[in-house]
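Coordinate analysis (summary)
As a plain string of letters, each chain reads:
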Amino acid sequence: VGHCHPEVVKAAHEQNQLLNTNSRYLHDNLVDYAERLSKTLPKKLCIFYFLNSGSEANDLALRLARQYTKHEDVIVLDHAYHGHLTSLIDISPYKFRNLEGQKEWVHVAPVPDTYRGLYRENHKDPVTAYANQVKNIIKQAHEKGRKIAAFFVESLPSVGGQIIPPAGYFQKVAEHVHKAGGVFIADEIQVGFGRVGKHFWAFQLQGEDFIPDIVTMGKPIGNGHPIACVATTKEIAGAFAATGVEYFNTFGGNPVSCAIGLAVLDVIEKEHLQAHALEVGNFLLKLLNEQKIKHPIIGDVR
């Protein structure tokens, strides 16, 4: 929402003068913020865990998926990056290829890129073709006696090249993953909060009928302040709580962070930043596509 936005600075300052505790102590800001976030998401995603960073959020999403499914394996897209914790380097081909390599519980699917990928715009059904790659990965994993816990994907692969997956791809993949007993995790850390313009969440570009099982948030959520979130369903959260090992985070969900999160949502709403992203985005795309016609060196605009 802009560097040092006065509304965000004010919210932080005011709450800092009152109280800042960990989330074992009840505070209205935590509930108010969760309630406010829930209004931006499908009803099914109604349980919220607050953390400090996108990496923490993705690590918790991994734990939730494994606890709920009782499976271990994860499918990710090629070139993906999901964070800097050990658990996330393991599911980030962008990183692990330069380090210890691929773990046996990690499976890499091709990026659904219709410009430069395996199946391109001229393919009769790239959506099904790319989803079938995931289906084949699941089949091969099962043949080795392995079980899928999650398909973990950025709703719009960013480090992997700003790829916009063709609409319907997530639905088809989710079908295969759910059939295998896994869950669908949408990483919205770089692309959420209205940044895609048309929708508040990038996964919504896939269509209204698509709902992930877990959504992770970071980066824009606090406008530079360390706050992150995992949103999930009652069923998944229930399986996690049933372990008796409560989720606790010293700073995650503290009153100051929640006050900042609320202020950020206020600014996005009051200043119509989602509409602004759409308008400026469309303006840039239009002009750049005009350049593409003029200059054959420009292959794709996204």
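If you look the protein up in an unreviewed UniProt entry, it shows as AT2L2 lyase from Geococcyx californianus. In its Cofactor (unreviewed entry) section, the UniProt entry covering the protein states "pyridoxal 5'-phosphate". UniProt lists a comment for the protein under the heading Sequence similarities (unreviewed entry), and it reads "Belongs to the class-III pyridoxal-phosphate-dependent aminotransferase family."

1. Topic: the pairing of strand β2 (residues 73–77)
Across the five residues of β2, five count as buried, placing the element largely inside the fold. Of the two faces of β2, the one carrying D73, I75 and L77 and the one carrying V74 and V76 are both buried. Both β2 and strand β3 (residues 106–109) contribute to a ladder of four bridges, which runs parallel. The residue of β3 that forms the bridge with L77 is A109.

2. A few points about the environment of N254
When you line up the elements, N254 lands in the loop between α8 (234–241) and α9 (255–270). With 231 residues separating them along the chain, N254 and S23 place their C-alpha atoms 5.7 Å apart. Beyond its immediate stretch of four places on either side in the chain, N254 contacts N20 and T21. A distance of 3.0 Å separates a polar side-chain atom of N254 from the backbone nitrogen of V256.

3. So, α8
Along α8, the residues that are buried comprise I236, A237 and F240. Along the axis of α8, the buried residues cluster in a sector spanning 95 degrees; they form a single face. Structural note: α8 exposes K234, E235 and A241 on the side pointing more than 90 degrees away from its buried face. Looking at the packing, one finds that the buried side of α8 touches β1 (47–51), α3 (54–69), β5 (183–187), β6 (214–217) and β7 (228–232).

4. Regarding the packing of aromatic side chains
Counting across every chain of the model gives 14 aromatic pairs. Arranged with centres 5.1 Å apart and planes meeting at 80 degrees, the rings of F200 and W201 form a pair that is edge-to-face. The class of F200 is buried, set by a relative accessible area of 13%. Look at W201 and you get buried, because its relative accessible area is 0%. Ring centres 6.3 Å apart and planes at 75 degrees place the aromatic pair F203 and F210 in the edge-to-face group. Of the two residues examined, F203 and F210, each falls in the buried class. One aromatic cluster in this structure is built from F151, Y169, F170, F184, F203 and F210. Sitting over the ring of F248, R24 keeps its end group 3.8 Å from the ring centre. Cation over ring: K95 sits above Y81, and NZ or CZ is 5.4 Å from the ring centre.

5. With respect to the sheet that holds β1
Strand order in the open sheet formed by seven strands is β1-β7-β6-β5-β4-β2-β3, and the pairing between neighbours is mixed. At either margin of the open sheet sits one strand with a lone partner, and together these are β1 and β3. Recorded for the sheet is a direction-independent mean angle of 20 degrees between the axes of neighbouring strands. Across five bridges, β1 lies against β7 in antiparallel orientation.

Criteria and thresholds
- Residues numbered from 1 in each chain as written.
- Predicted model: local features only at pLDDT ≥ 70, side-chain atom pairs only at ≥ 80, totals over all residues.
- Heavy atoms only, no water.
- UniProt positions renumbered as here; feature names shortened; annotations may be inferred.
- Buried < 20%, exposed > 50% of the residue type's maximum accessible area, 1.4 Å probe, protein only.
- Helix = DSSP H or I, 4+ residues; strand = E, 2+ residues; numbered from the N terminus.
- Pairing = 2+ DSSP bridges.
- Contact = heavy atoms within 4.5 Å.
- Polar contact = N/O pair within 3.5 Å; in protein donor to acceptor, adjacent residues only side chain to side chain.
- Arc of directions from axis to C-beta.
- Phe/Tyr/Trp six-rings, centres within 6.5 Å; stacked < 30°, edge-to-face > 60°.
- Lys NZ or Arg CZ within 6 Å of the ring centre and 35° of its normal.
- Axes fitted to C-alpha atoms, helices over the stretch in contact; angles between N-to-C directions.

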